[in-house]
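Structural overview for review
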Amino acid sequence: MGHAHGVPFANSPTTTPSAPGGTQQPTATRGTGQTSQRVPVLFPNSPNGPESQHNTIAPSSISFSTLAHILKDYPRPIEREMLFRGFSEGFRIPYSGPAVTRGANNLRSAREAPGVVQEKLERELQLGRVAGPFSQPPLPNFIVSPLGIVPKKEQGKYRMIHHLAYPKGASVNDYLEEGTCSVGYASYDEAIDLVRAAGLGALMAKADIETAFHLFPVHPSSFHLLGMQ
């Protein structure tokens, strides 16, 4: 699983004095490396606090009405219903592991580039794809998996990863039902078969969807599996 609608939280709450005559601004330190970043904490009684975020699925660019129209005659009713429910209510992660609360240190790549991680997380927050930060784990049985960054082919560009396969043998991925979360891609031979079936003069095009996994909102019942810090 890639990283989806995670719920980052922060450790070590502190207070920072505001301007003279003002009140103190609660902050927390988010552990992304040796250089800590101070960020505001969202409280339960605020409009953007945990209660308002725990039952809200992340936005998706998929048009549900268009999807419903396209799938109305889809010949596989089970998959059709799964797509309907998934895009309207969020997709459930088929986790069958123990109900535990667990933390994790970020990967070395993230610890060595805290500024990159901070920038990525702030963008995810702005887009409404993650919630937080929180001074305490915001949900019961909250599982934190490490963050890391991977260089892209383009110079100076990075991709953030959420390492759901850590720790080995006890990770979120280790407790997913086999066969329900695999990704399959069309082969070259399958593409050739489609061209042959279309006949002489057929045209072919290839499309690449940026951050494709972000199109799939996660169901609130699975939020606790996607913790980060």
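Whatever comes next refers back to the structure up there.
A brief look at the structure comes next. The shown structure was predicted, so the numbers you read here are calculated from the model rather than taken from an experiment.

Bringing the overall build of the protein into the picture now. Helix and strand counts for the protein stand at 6 helices and 7 strands. Listed by position from the N terminus, the elements making up the protein come as β-β-β-β-α-α-α-α-α-β-β-α-β. The buried share of the protein, taken over its 229 residues, is 33%. Long-range contacts, defined as pairs at least 24 residues apart, comprise 69% of the intrachain contacts of the protein with a sequence gap of at least 6. For the protein, the exposed surface amounts to about 14,600 Å²; the carbon and sulfur share of it is 54%.

Quantified by volume, the largest pocket comes out at close to 1,300 Å³. In this structure, the largest pocket is lined by 34 residues; those nearest its centre are Met82, Leu83, Phe91, Thr180 and Phe216. Per element, the largest residue contribution to the lining of the largest pocket is 7 residues, and it comes from helix H3 (residues 77-89). Taken as a whole, the second largest pocket encloses approximately 920 Å³ of empty space. As for the second largest pocket, its lining consists of 24 residues, and the residues nearest its centre are Lys120, Lys152, Tyr158, Arg159 and Thr211.

With 0 of 11 residues buried, helix H6 (residues 188-198) lies mostly on the surface of the structure. Once H6 finishes, Gly199 follows within two positions and takes phi at roughly 95°, a positive value.

General note: in soluble globular proteins, nonpolar side chains tend to be found buried as a group. Grouped together as the largest cluster of nonpolar side chains are 14 residues, with contacts concentrated most on Ile93, Tyr95, Val172 and Leu225. With residues near it in sequence (within four places) discarded, Leu225 still touches Ile93, Tyr95, Ile143, Leu164 and Val172. By size, the runner-up hydrophobic cluster in this structure holds 10 residues, among which are Val116, Val117, Leu121 and Ile149.

Turning our attention to the pairing of strand E6 (residues 158-162). Where strand E5 (residues 147-151) meets E6, 5 bridges bridge the pair, whose relative direction is antiparallel. Along E6, the bridge assignment pairs Val150 with Arg159.

Given a rise of 1.5 Å per residue, 13 residues ought to cover 18 Å, and the 18 Å separating the end C-alpha atoms of H3 matches this to within 8%. All of the buried residues along H3 are Phe84, Gly86 and Phe87. Tucked inside the fold, the buried residues of H3 contact helix H2 (64-71). Immediately beyond the C-terminal end of H3, within one or two residues, lies Gly90, with a positive phi of roughly 100°.

Our next topic: the packing of aromatic side chains. Within the structure shown, the criterion is met by 5 aromatic pairs. Ring geometry for Phe64 against Phe84: centres 6.2 Å apart, planes inclined by 70°, an arrangement best described as edge-to-face. Separated by 20 residues along the polypeptide, Phe64 in helix H2 and Phe84 in helix H3 bring together distant segments of the chain. When its relative accessible area of 35% is taken as the criterion, Phe64 is described as partly exposed. For Phe84, a relative accessible area of 19% puts it in the buried group. With centroids separated by 5.5 Å and ring planes inclined at 35°, the aromatic side chains of Phe87 and Phe216 adopt a geometry described as tilted. A residue pair is termed long-range when its members are at least 10 positions apart, and Phe87 in helix H3 and Phe216 in the loop between H6 and strand E7 (227-228) qualify at 129 residues. Owing to a relative accessible area of 14%, Phe87 belongs among the buried residues under this scheme.

Quick look at the pattern of salt bridges now. Here the structure, examined in full by the defined rule, presents 5 salt bridges. Put simply, Glu112 and Arg108 hold a salt bridge, and the shortest N to O gap is 2.7 Å. Several salt bridges converge on common partners, so that one network encompasses Glu81, Arg85 and Glu89.

The rules behind each value
Residues numbered from 1 in each chain as written. Predicted model: local features only at pLDDT ≥ 70, side-chain atom pairs only at ≥ 80, totals over all residues. Heavy atoms only, no water. Helix = DSSP H or I, 4+ residues; strand = E, 2+ residues; numbered from the N terminus. Buried < 20%, exposed > 50% of the residue type's maximum accessible area, 1.4 Å probe, protein only. Contact = heavy atoms within 4.5 Å. Areas by Shrake-Rupley, 256 points an atom, 1.4 Å probe, with all protein chains shown as cover. 1 Å grid on protein atoms, 1.4 Å probe; cavity = no way out; pocket = protein on both sides within 12 Å on 5 of 7 lines; lining within 4 Å. Points joined across faces, edges and corners; volume = space filled by probe spheres on them. Core = buried A, V, L, I, M, F, W, Y, C linked by side-chain atoms within 4.5 Å. Pairing = 2+ DSSP bridges. Expected span 1.5 Å × (residues − 1). Phe/Tyr/Trp six-rings, centres within 6.5 Å; stacked < 30°, edge-to-face > 60°. Salt bridge = Lys/Arg side-chain N within 4 Å of Asp/Glu carboxyl O.

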